[in-house]
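These are the residues of each chain, in order.
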Amino acid sequence: MAEIAPALAVEVRNLRIDMPEGGDIVDDVSFTIRAGEVLGLVGESGSGKTTVGTALLGFARGGARIAGGTVHVAGDSSVNMLDLTPQQKRRLRGKTVAYVPQDPASALNPSLRIGLQLSEVIEAHEPETPRGEIDRRIEAVMQDVGLPADPAFLMRFPHQLSGGQQQRIGIAMAVILAPKLIVLDEPTTGLDVSTQNRILDIVKRLCREHGIGALHVTHDLSVIAHIADQVMVMYSGRVVEIGRVETVYDQPCHPYTQALLSAVPELRYRTQLKAIPGHAARPGQRPQGCFFQARCPIATQECKAHPIAMTRQDAGHDVRCLKSGVTAIAEPERLPDPLPATATSGKRPVIEVRDLHVAYGAFRVLDGVEFTVEKGECLAIVGESGSGKSTLSRALIGLVPQQQCTALLNGERLAPRARDRSRQQLQTMQYIFQSPHNSLNPRQTVESIVGLVHDTFNRASRSERRQKIAEVLSQVGLSPDAMFAFPDQLSGGERQRVAIARALMADPQVLICDEITSALDVSVQAAIVNLLKDLQQSRGLTMVFVTHNLALVRNLADRVLVLNQGKVVEMRGVAEVIDTPRHAYTKQLLANALVADLDSRAKRSGEKECLRA
Amino acid sequence: MQTASSLPMPVWFSTFAQAARYNRTRIGIAITLLVILLAVIGPFVAPYEPSAFVGKPFLKPSADFLLGTDFRGRDVLSRLLGGGIPVVWMSFASASVGMVLGVTVGLVAAYSRGWIDQVLMRIMDVFLSIPLIIFVLLFVSLIGTGEWLIVLLVGVAHMPQVARVTRGVAADIVSREFVEFAEALSVPRWKILFGEILPNITTPLLVEFGIRIVWSISGIAALSVMGYGIQPPNADWGLMINENRGRIASRPLAVVSPALCIALFAFGINMIAEGIAGTMSGANRKAGGEQ
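Note that the structure is predicted; figures quoted are calculated from it, not measured.

> Got a minute to help me understand the overall build of chain B in this structure?
A count of helices and strands for chain B gives 14 helices and zero strands. Listing every helix and strand of chain B by position from the N terminus yields α-α-α-α-α-α-α-α-α-α-α-α-α-α. Dimensions along the principal axes, computed over C-alpha positions, put chain B at roughly 75 × 50 × 25 Å. Looking at chain B as a whole, 47% of its 291 residues qualify as buried. Summarising the internal contacts of chain B: among those between residues at least 6 apart in sequence, 71% fall at separations of at least 24.

> Would you take a moment to explain the interface of chain B and chain A for this structure?
How big an interface is tends to be expressed through the accessible area that disappears when the partners come together. Tallying the contact residues gives 17 residues for chain B and 22 residues for chain A. Grouping the constituent residues of the side of chain B that touches chain A by class yields nine nonpolar, three polar and five charged.

> Would you explain the sheet that holds strand E12 (residues 317-319) of chain A in this entry?
What holds strands together in a sheet is hydrogen bonding between their backbones, with the strands either parallel or antiparallel. Residues and elements named next belong to chain A. The strand order across the open sheet built from eight strands is E5-E6-E7-E3-E8-E9-E12-E11, with neighbouring strands paired in mixed fashion. In the strand order of this sheet, the two ends are held by strand E5 (97-100) and strand E11 (311-314), each with one partner. Neighbour-to-neighbour, the strand axes of this sheet turn through a mean angle of 20°, independent of strand direction. Where strand E8 (residues 230-235) and strand E9 (residues 238-244) come together, six bridges link them in antiparallel fashion. Within E9, the residue paired with Gln230 across the bridge is Arg244.

> Got a minute to help me understand the sheet that holds strand E15 (residues 363-373) of chain A in this structure?
Residues and elements named next belong to chain A. Spatially, four strands are ordered E15-E14-E17-E18 in an open sheet, and the strand pairing comes out antiparallel. The sheet is open, and its two edges are formed by E15 and strand E18 (412-413), each paired on a single side. Pairing between strand E14 (residues 351-360) and strand E17 (residues 404-409): five bridges, direction antiparallel. Bridging across to E17, Arg354 finds its partner in Thr406. Where helix H13 (residues 389-397) meets the sheet, it contacts E14 and E15, and its direction lies at approximately 65° from that of E15.

> Would you take a moment to explain the domain arrangement of chain A for this structure?
Residues and elements named next belong to chain A. Along its sequence, chain A is organised into domain 1 (8-235), domain 2 (261-336) and domain 3 (351-600). Put simply, the middle of domain 1 and the middle of domain 3, counted by C-alpha atoms, are 36 Å apart. With eleven residues of domain 1 at the contact, the number on the domain 3 side is 13 residues. For the side of domain 1 that touches domain 3, the leading source of residues is helix H9 (residues 221-227), giving four residues. In terms of residue class, the side of domain 1 that touches domain 3 is built from three nonpolar, six polar and two charged.

> How should helix H5 (residues 131-144) of chain A be read in this particular structure?
Since the α-helix turns once every 3.6 residues, residues separated by three or four places project in the same direction. All names here are of chain A. Here H5 is 14 residues long and its end C-alpha atoms lie 20 Å apart, about the 20 Å a rise of 1.5 Å per residue gives. Along H5, the residues that are buried comprise Ile138, Val141 and Met142. Relative to the axis of H5, the buried residues are bounded by an arc of 100° and lie together on one face. Facing away from the buried side of H5 by more than 90 degrees, the exposed set consists of Gly132, Glu133, Ala140 and Gln143. Looking at the buried residues of H5, the elements they touch are helix H4 (114-125), helix H6 (151-154) and helix H7 (163-175). Gly146 sits one or two positions beyond H5 and adopts a positive phi of about 75°.

> What am I meant to see in the environment of Gly22(A) here?
Within the secondary structure, Gly22(A) is located in the loop between strand E1 (8-18) and strand E2 (24-34). Each C-alpha atom of the pair Gly22(A) and Arg65(A) lies 9.3 Å from the other, and the pair is 43 residues apart in sequence.

> It is not clear to me how H4(A) should be interpreted in this structure. Could you clarify?
Residues and elements named next belong to chain A. Here H4 spans 18 Å end to end across twelve residues, near enough to the 16 Å set by a 1.5 Å rise per residue. Of the positions making up H4, those classed as buried are Ile114, Leu118, Val121 and Ile122. Each buried residue of H4 lies within a common arc of 90° when the element is viewed along its axis, so the set occupies one face. Where H4 is buried, its residues contact H5, H6 and H7.

> Is there a simple way to explain the pairing of E9(A) in this structure?
In regular strands, side chains alternate between the two faces of the sheet. Of all seven residues making up E9(A), six are buried, and the element is well covered by its neighbours. Counting the residues that bridge the hairpin from E8(A) to E9(A) gives two residues, and of these Ser236(A) lies at a positive phi of roughly 50°.

> I tried to follow unusual backbone geometry on my own but got confused; where do I start?
Glycine aside, the phi torsion of most residues is negative, and most peptide linkages are trans. Residue and element names in this part refer to chain A. Positioned with a positive phi, Glu186 is a non-glycine residue whose angle comes to about 45°. Among the structural elements, Glu186 can be located in the loop between strand E6 (181-185) and helix H8 (193-210). Notably, Glu515 is not glycine yet its phi reads approximately 50°, a positive angle. Topologically, Glu515 is positioned in the loop between strand E20 (510-514) and helix H18 (522-539). For Glu515, a count of 19 C-beta atoms within 10 Å translates into the label partly exposed.

> Could you clarify how one ought to interpret the packing of H4(A) against H5(A) in this entry?
For any two helices packed against each other, one specifies the crossing angle of their axes together with the interaxial distance. Residues and elements named next belong to chain A. Relative orientation of the contacting elements H4 and H5 amounts to 115°, with a least axis distance of 10 Å. Here H4 and H5 pass one another in a crossing that is right-handed. Residue-level contacts link Gly115, Leu118, Ser119 and Ile122 of H4 to Ile134, Arg137 and Ile138 of H5. Partitioned by chemical class, the residues of the contact of H4 with H5 number four nonpolar, two polar and one charged.

> Is there a simple way to explain the pairing of E1(A) in this structure?
Residue and element names in this part refer to chain A. Where E1 lies against E2, seven bridges are found, and the strand directions are antiparallel. Its bridge partner lying in E2, Glu11 is registered against Thr32. Hairpin geometry of E1 and E2 is characterised by an intervening segment of five residues between the two adjacent antiparallel strands and by a positive phi of about 90° at Gly22. Where E1 and strand E4 (residues 65-73) come together, seven bridges link them in antiparallel fashion. The residue of E4 that forms the bridge with Ile17 is Ile66.

Analysis parameters
- Residues numbered from 1 in each chain as written.
- Chains lettered and ligands numbered in written order.
- Predicted model: local features only at pLDDT ≥ 70, side-chain atom pairs only at ≥ 80, totals over all residues.
- Helix = DSSP H or I, 4+ residues; strand = E, 2+ residues; numbered from the N terminus.
- Buried ≥ 20, exposed ≤ 12 C-beta atoms within 10 Å, placed from the backbone.
- Contact = placed C-beta atoms within 7 Å.
- Nonpolar A, V, L, I, M, F, W, Y, C, P; charged D, E, K, R; others polar.
- Pairing = 2+ DSSP bridges.
- Axes fitted to C-alpha atoms, helices over the stretch in contact; angles between N-to-C directions.
- Domains from an automatic or database assignment.
- Expected span 1.5 Å × (residues − 1).
- Arc of directions from axis to C-beta.
- Left-handed = near helix turned anticlockwise from the far one by under 90°.

Listed below in structure tokens is the structure:
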């Protein structure tokens, strides 16, 4: 194993980045990446992970300032990249250090053909390159990222490519000059799991083959498990744990790492997800001593006294914790799968949908979908993007006027448009949207947002109304003071709680959730999922849960409906579908989910080592 | 900003407070207030009756007549002090009329999409193809020159521009999920338009309001200059320019002083609008500043 160490791609020492008004965003960040290796940088929103990523390009956003530290690129220990002049940095960027942004759709110029955008990269850095040489290199790089290199394809505009293809172009632009280091900033967020897996495989292979070191910034622990050799966990602008992926995932030593891993749902069995209590302190309001101390179950006085330094746990495994290695958060307990639904012939289902068709022009989004939802159960609707799962849930709530179907709610006919439905029906079914940033009116306080639902179904005096809003807010774990906040003063998790509170305000029987955790951090996702489970139990809610995350489905749902290109391909109990999938499409979905599954990753780590040696 | 975040207050107010941090906004507010103050207090401090004949025509400025006299021998200073009110109130009023009409049309068009949107906006395009002055002159020459009629006509002439801007900025908002939520809740449509969507576009609309006032000022002043506004012997800045333009070379003050007041007023409002535009982010800014 420990043969000759490969050259360093980057060496970062004591990096510190300050806010414009003083105080640090990140401090004391040190790590190295070897050529050909991928370092996964994981952290939740606000942990400073993107700030560290862009600092490797010598760039700090929004007035922030790189205040100290050294960055030596490509083993060149004589030059600190952070001390270079802007011109020198510009020359370095793209050529020695490249960047792959999160959203390729907005990073590519929409009005330039992709071939031109690729050749521009070469022309900008090596203007002397002859035309033939440029073409040859473009062809080579297109092969590298698995795209056709024929002129017809290179003549396409970015909007003529799929999201996955766009991101491949992004990667091609990054590696075309054979850099020593690439920084990838959540390059697969927003892509399907299967597309994500393909992209990650490409990145990994390119790094190996060309000896490129990569820093892969992400919030998704399973992405790290897939791609990275080393993992660095950040919390509140500090590195709390760094080490080889297998080591850190098998024996997480920092309580935060342990908490993060316990918050990830498992595909193979149902667990009691563990949310992390409290929330991370903002820069400038961070406590003395260990920043995680307020949320840590094993924190003592000692932890509050002094800043904690990184200590070596094993070879190549460093932890910033005084109690490193103590199990602060045990692995989540396994729960039994729900019993397969017994035939409830006597009871009428809450929702009954027969022969649902939605077509936009000639394009059929949904084609003859039929299903029922029993009272008190949670039906998960899964599928990749484009499968029609969101359209299905929107049709249920009455936002798709084009739909044609026979839908019954508690035995009563449901009109296709929400406006044609009775007040009773509107109240019975409530919807929670995917993005908590978009679903709350930014110009209204939480009181008026939740109050809108209240006023639609009730009449009450001002104080009574306030009382009721405070009640429903506390049911979702928010303090009544949150009533006076505007959405932008709340975190993503808090906003999604407001959205849930708003739905509960109607006192519904059915809750339809459209990918409600996909924009949230894992620990927040765990909290929201637990909240939904509790609400379902205490209120006897029926739920329709739309998602692409099969592990989440395992954790929450009773039955699963698998949707592919507008058709139901499978609909059975959750354990049956995930353990013994019947349809080829379900099998493929599962295979993709398994690649990302943490548990199966850890088991395979031994065999991975063999391959590398 | 502390107060803005802890107390729920109207959005336009916090936008205004934010804009007031720019120097250009402050200059704009100072100039505008100065002109409005001049117009409001002027009549009470004027040395003579604005329409009284107090001397010979076209006297030079002197201790008695600080700005000289006009073509009929009335005191220019007194007419200047007394002639501000019409242009000030009429420009505000007609811009407001234009905003109310235009915002309503624009919101309805953006929200309904489809053929209603098409029909409404094509009607606006027809209006838009007629220049403001021609449009107003046509009706004024037919019906007469009532002050309210002019306010109404100038307001209607503003409507298509305002509708276009409103539709442009609201198009972004109508597809947001909070609008869909209200839709799924079957909230009355007018409530969605004015309760959910409108508060999200106040900033570009404030800018547009400023621009509309500036256009109203020039439009109404131009009508007066052409003799279709305030009728003599009443005092009015636009009218003064018209009356005294014959001797502009030898007695420029009788023309220049009202012209300067109009220009300052327009300039001040424009600076405020600029300041508010400065508070918008890049994407909104383009849509809001669209002429």
